[in-house]
Amino acid sequence: MSKKKLSKEEKQRLKQIKPGRLTKRDARMGVLFVSPWILGMALFLAYPMGASFYYALNNIRMMPRGMMFTFAGYGNFTQILLSDTEFIPELVNYVVSTVISVPVIVVFALIIAIMLNQPIKGKGLFRLIFFLPVIIVSGPIIGMLNDEGAGSITALDTQAITTAIQGFLPSMLAEPISDLFENMITMLWYSGVQILIFLSGLQKIDRSMYEAAKIDGGSGWECFWKITLPTIKPMILLCLVYTVVFISNNDQNTIIGLIQTSMFSGTKEKGYGYASAMAWLYSLVVLIIVGLFALLFFAKKDVYEKQVKKAKKQRKKEEREVKRIRRRSARNAAKQKRAEAK
């Protein structure tokens, strides 16, 4: 009786662990909806990435009959890191300016989103005004505006700030910060999408939470730090990643220009292979920056989720112990039968 009762309990536990039909159907539907993206990534992303990495390991020359590949191993990467006088300094400037400008853009977008989420008249018009630069400055238009000086503040207006920064900070940090103040208008143009993301997150917060906090004596500042900011933390991470990727792929980025110049260079040292190696190094740096922001703002797991995971591990451990005891009892019973038979 005890063995039959034990087996029934095990079967019930196994049924609880195995996913049901509804869960399996939801999983199949999820894969079905994601399959166009997976197919597109396999066709239009995986193959180009593999081809570019193969190019990075070769010296490529354009011949009348096509490309001529000469295997160089990691020679292109070594040449970039040790001999290139333009790429590494521009890469350092990019890292410093990105680490400084991305939080500024995200904080500005959050402030504007909080202001636009207030019950004011003409909210739609203000949202249109802040999102309009995203449409206008896309493509070659931003280059034309920057050439005319529309995207930067004049040097006379920022001279005092630049002089003060250069007097307190080393040149490696002073130059990117000074460029940030000079190009403040362009930086703020990049915040339209982030404002919409923050607005969607703010509008999903339950207003009763603010009412309960105010009844308990919470101020507006405390509500922001205890309710608003923790709730929109995933949105902050999304905006950080989006801003890093947008700035990194922008046409006004000097590193993109260096890669294009190296790609169409007619010299033996440079070409498609050299440019591919530069692109891979640049992509690695961008991934590192995204990873650092993700580590800083990645949402921590809830205490309840940790307890549930711990309970599942303990249950699996108990099930393994029950199976081990059953196998041992079966072996002992078999030995006893053989002994009785003799």
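Below is a short write-up of the structure. Remember, predicted model here, so these are calculated numbers, not experimental data.

### Observations regarding the packing of helix H11 (residues 207-215) against helix H12 (residues 220-231)
Running from N to C, H11 and H12 point in directions that differ by 145 degrees, and their axes come no closer than 11 Å. H11 and H12 meet at a crossing whose hand is right-handed. From H11, Met-209, Tyr-210, Ala-213 and Lys-214 reach across to H12, where they touch Cys-223, Ile-227 and Thr-228. The residue makeup of the contact of H11 with H12, split by class, is five nonpolar, one polar and one charged.

### Topic: the nonpolar core
Ranked by internal contacts, the top residues of the largest apolar core, which has 48 residues, are Phe-87, Tyr-94, Phe-198, Val-244 and Tyr-282. For this core, the secondary structure elements donating two or more residues are helix H3 (75-82), helix H4 (87-116), helix H10 (192-203), H11, H12, helix H13 (233-248), helix H14 (254-263) and helix H15 (272-297). Apart from the residues within four sequence positions on either side, Tyr-94 is in contact with Val-244, Ser-248, Asn-253, Ile-255, Tyr-282, Val-285, Val-286 and Ile-289.

### Re the packing of H4 against H10
When two helices pack together, their arrangement is given by the angle between their axes and by how far apart the axes lie. Between H4 and H10, the least distance of the axes is 8 Å, while the angle of their chain directions is 50 degrees. By the angle class used here, H4 and H10 are oblique. The handedness of the crossing between H4 and H10 comes out as right-handed. Touching Ile-105, Val-106, Ala-109, Leu-110, Ile-112, Ala-113, Ile-114 and Leu-116 of H4 are Gln-194, Ile-195, Phe-198, Leu-199 and Leu-202, all from H10.

### Points about a positive patch on the surface
Together, Lys-309, Lys-312, Lys-313, Lys-316, Lys-317 and Arg-320 give the surface a local cluster of positive charge. Along the chain, Lys-316 turns up in helix H16 (residues 303-341).

### Quick word on the environment of Phe-69
Within the secondary structure, Phe-69 sits in strand S2 (residues 66-71). Along the chain, Phe-69 and Asn-59 lie ten residues apart, while their C-alpha atoms are 5.8 Å from each other. Setting aside residues up to four positions removed in sequence, Phe-69 forms contacts with Tyr-54, Tyr-55, Asn-58, Asn-59 and Ile-60.

About the criteria used
- Each chain carries its own residue numbering, running from 1 in the direction its sequence is written.
- Residues qualify for local features only when their pLDDT is at least 70, as the model is predicted, and side-chain atom pairs are given and counted only at 80 or more; totals for whole chains, interfaces and linings, by contrast, use all residues.
- Each side-chain value is derived from all of the structure's non-hydrogen atoms; neither hydrogens nor water enter the calculation.
- To obtain each axis, a line is fitted to C-alpha atoms, and for helices this fit is confined to the stretch in contact; angles are then taken between N-to-C directions over 0 to 180 degrees.
- Each helix corresponds to a stretch of at least 4 residues labelled H or I by DSSP, and each strand to a stretch of at least 2 residues labelled E; elements are numbered beginning at the N terminus.
- Note on convention: near helix rotated counterclockwise from far helix by under a right angle means a left-handed crossing. Clockwise means right-handed.
- Any two residues whose heavy atoms approach within 4.5 Å are treated as being in contact.
- Charged means Asp, Glu, Lys or Arg here, nonpolar means Ala, Val, Leu, Ile, Met, Phe, Trp, Tyr, Cys or Pro, and polar covers whatever is left, Gly included.
- What we call a nonpolar core is a set of buried Ala, Val, Leu, Ile, Met, Phe, Trp, Tyr and Cys residues that are connected through their side-chain atoms within 4.5 Å.
- Only protein chains enter the calculation, and the probe is 1.4 Å; a residue is then buried if its accessible area is under 20% of its type maximum, exposed if over 50%, and partly exposed in between.
- Under this scheme an angle from 65 to 115 degrees is roughly perpendicular, one under 35 degrees roughly parallel, and one over 145 degrees roughly antiparallel; angles in between are oblique.
- Any residue with relative accessible area above 30% and no salt bridge may belong to a patch, with like charges joined within 9 Å and the nonpolar Val, Leu, Ile, Met, Phe, Trp and Tyr side chains within 5 Å.
- Here the Shrake-Rupley method, with its probe set to 1.4 Å, supplies the accessible areas, and only the displayed protein chains count as covering residues.
- In what follows, salt bridge is the name for a side-chain nitrogen of Lys or Arg lying within 4 Å of a carboxyl oxygen of Asp or Glu.
- Within this scheme the basic residues Lys and Arg register as positive and the acidic residues Asp and Glu register as negative, but His and the chain ends are omitted.
- Charged groups are reduced to one reference atom each: NZ for lysine, CZ for arginine, CG for aspartic acid, CD for glutamic acid.

Purely spatial values, then, with no claim about function.
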